[in-house]
Amino acid sequence: MADNKKIKTALISVFNKENLDKIIHKLNELGVNILSTGGTKSFIESLGVEVTSVESLTGYPSILGGRVKTLHPKVFGGILSRRDNQGDVSQLTEYEIPEIDLVIVDLYPFEDTVASGAGEQDIIEKIDIGGISLIRAAAKNFKDVVIVPSKKEYTPLLELLEKKNGETSMADRKWYAGQAFAVSSHYDAAIFGYFNNDSNDAAERISLNNGHVLRYGENPHQKATFFKFKNTPGNITLADAEVLQGKALSYNNMLDADAAWKSSSDAFHSVNHIDNKVAVSVIKHLNPCGLAVSGDIMQSLEMAWAGDPISAFGSILFFTDTVTKEVAQWFAKKFIEIVMAPAFTDEALEVFSKKKNLRVLVIPIKNEITNEKLYRSVSGGMLVQDEDEGMDSKLETVTAKEFDSTKVNLAKFGITACKHLKSNAIAVVSEGENGSFWLTGAGMGQPNRLDSLKNLTMPRFNMKEGVDIKNSILISDAFFPFRDSIEAANEYGVKYIVEPGGSIRDKEVIEACNEYGIAMAFTARRHFKH
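Residues numbered from 1 in each chain as written. Predicted model: local features only at pLDDT ≥ 70, side-chain atom pairs only at ≥ 80, totals over all residues. Heavy atoms only, no water.

K.L.:
Teacher, can you tell me more about the overall build of the chain here?
P.N.:
Regarding its fold elements, the chain presents 18 helices and 23 strands. At 31 Å, the chain has a C-alpha radius of gyration far larger than the 24 Å of a compact globule built from 530 residues. Sorting the 530 residues of the chain into buried and exposed places 48% on the buried side. A fraction of 59% describes how many contacts in the chain between residues 6 or more apart in sequence connect residues 24 or more apart. (Helix = DSSP H or I, 4+ residues; strand = E, 2+ residues; numbered from the N terminus. Rg over C-alpha atoms; globule rule 2.2 N^0.38 Å. Buried < 20%, exposed > 50% of the residue type's maximum accessible area, 1.4 Å probe, protein only. Contact = heavy atoms within 4.5 Å.)

This is the structure:
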């Protein structure tokens, strides 16, 4: 075919040399002249293959500690020259520049260096200059040049060389060019992300590779893919979870698993008065229908499940401690979709293995502060915001009745539980045996706050054994706009309320609390979740 090109000269300059040997031997077998420099040249020579140094071509040595090796007209001229342009061909002849038909590059591992926690100087030295320039130049001239931009393309190249004996078609070269610009754009986005960490500029670069296709999207007729971000040093993310058993995860499974992991981890961090604390979260459609923290894993499980046992059917759970055989056996006659924990005993895994469709995931507890960004698409654009992290530091009594200082710890747990519910959100939290805390009522996702309060998952608190509503706390994720919510809370028998405050009718709401003998505290911090 007219657009087929024979590879005669190759330039090779790579960081990762694994599996490169087969390519070198094949190029040598095909009679291809090889140019190289530095460690790559030494590697090729160790294979017993003849190689020409870039330095002998350019007449310049590698300088500035290796920062400048290939940046020279005799290199880039040979890559960028248009074979069908007589002016380019004449200049190559005039300046004795060889045509380069194949460029193989693997860039310095910038992202891995950042993730390792290395110092800034080490990170800066891993910003590849020559390699990225070679990639862009060869990709631009794909009509004449093949570009292999990373180790991921080593195997496809070897297969191509073996199949076509060193010839490439226009379609082949254009495919590699596409891969090249994917590599270069991702690399630049990673570097920008490093320098943009503390910037207030309204700029964002997101580059995602190697997506994992999920079973389906929000519904079976929708396709979905999961892309993993590169972790910042010391941060654990849901993407670090290891699947031990069960069928593939769907889009909804991923969302619910994230909600379970975050809510349980945050509840764990919110409680400091319990020795050997264990938090358990039970999630359904992104909302905690159960959440508890105690000093015993079985107690936490039973309290979390009791928060809303009807909604718990088909739920997703996260434990902040090792799941034991006793815990696994507790689910013998219960249907759950996913169970997650930092670890599982072998006996627990054996019990769970009888539930073939149950997904079992291992993942450590989430850090209290991650500084992660949240990304959400809207039609025609994308929204980016900070994660809602950290504890509310303010708890100011605003009513005649003082907010009991002994309930501060319970209030912190309640604020955490409430912020993981969909707005408009109301949470009722109670203290159980041995200082344990649990979510005993939840109202979420209603278009007005009064309906969320009237539609709590526990309609009447005396229906639940061990719940004392007068000593429980009702939490609201945002201010009460009218006194009607206080009237509804009073009907339940509520005596303690926590809300952010900030309404133009705060005075009216506070007066209602005073009428009913309710203690109210303001946090001055809202926790909407849409």
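Moving on from the model shown.
K.L.:
Can you help me understand a nonpolar patch on the surface in this one?
P.N.:
Side chains of Ile206, Leu208, Phe227, Phe229, Met382 and Val384 sit close together on the surface and give an oily, nonpolar patch of about 470 Å² of accessible area. Relative to the assigned elements, Leu208 resides in the loop between helix H10 (170–195) and strand S8 (212–213). Residue classification places Leu208 among the partly exposed residues on the basis of a relative accessible area of 32%. (Patch = residues over 30% accessible without salt bridge, like charges linked within 9 Å, V, L, I, M, F, W, Y side chains within 5 Å. Areas by Shrake-Rupley, 256 points an atom, 1.4 Å probe, with all protein chains shown as cover. Salt bridge = Lys/Arg side-chain N within 4 Å of Asp/Glu carboxyl O.)

K.L.:
Looking at this model, I keep getting lost on the nonpolar core. Mind explaining?
P.N.:
Soluble globular proteins tend to bury their nonpolar side chains together. Ranked by size, the top nonpolar core spans 55 residues in total, and within it Leu27 and Ile104 carry the most contacts. When residues of this core are assigned to their parent elements, the largest contribution, eight residues, is made by H10. Residues contacting Leu27, with those up to four places away along its chain left out, are Ala10, Ile12, Val32, Ile34, Leu102, Ile104 and Leu161. The next biggest cluster of nonpolar side chains, apart from the first, holds 30 residues, and it includes Ile297, Trp305, Ala312 and Phe352. (Core = buried A, V, L, I, M, F, W, Y, C linked by side-chain atoms within 4.5 Å.)

K.L.:
How do you make sense of the pattern of salt bridges when you look at a structure like this?
P.N.:
Two side chains with opposite charge may pair up if their charged atoms get near one another. Using the criterion set out here, one finds 19 salt bridges in the structure. Among the salt bridges present, the one from Glu389 reaches Lys366, with a minimum N-O distance of 3.8 Å. Here Glu389 is found in the loop between strand S17 (381–386) and strand S18 (396–397), whereas its partner Lys366 is found in the loop between strand S15 (359–362) and strand S16 (373–378), with 23 residues between them in sequence. Both residues of the pair, Glu389 and Lys366, belong to the buried class. Among the ionic pairs, Glu515 bridges to Arg483, the shortest N-O distance being 3.0 Å. Placement of Glu515 in helix H18 (residues 506–516) and of Arg483 in the loop between strand S21 (473–476) and helix H17 (484–492) is noted, with a sequence separation of 32 residues between them. Judged by relative accessible area, which is 53%, Glu515 ranks as exposed.

K.L.:
Which parts of the structure should I look at to understand the sheet that holds strand S3 (residues 33–36)?
P.N.:
In spatial order, the strands read S4-S3-S2-S5-S6; together these five strands make up an open sheet with parallel pairing. With partners counted over all chains shown, the strands left at the sheet margins are strand S4 (52–53) and strand S6 (146–148), one partner each. Two elements, strand S5 (residues 102–106) and S6, share three bridges in a ladder whose sense is parallel. Across the sheet, Ile104 pairs through a bridge with Val148, a residue of S6. (Pairing = 2+ DSSP bridges.)

K.L.:
What is the right way to read the environment of Lys277 from this model?
P.N.:
When you line up the elements, Lys277 lands in the loop between helix H11 (251–270) and strand S11 (278–284). A residue is classified by how much of its surface remains accessible, and Lys277, at 17% relative accessible area, is buried. A C-alpha to C-alpha distance of 37 Å links Lys277 and Ser503, two positions 226 residues apart in sequence. When residues no more than four places from it in sequence are discounted, the contact partners of Lys277 are Phe268, His269, Val271, Asn272, Val293, Ser294, Gly295 and Thr320.

Such coordinate-based values are descriptive only and should not be taken to indicate function.
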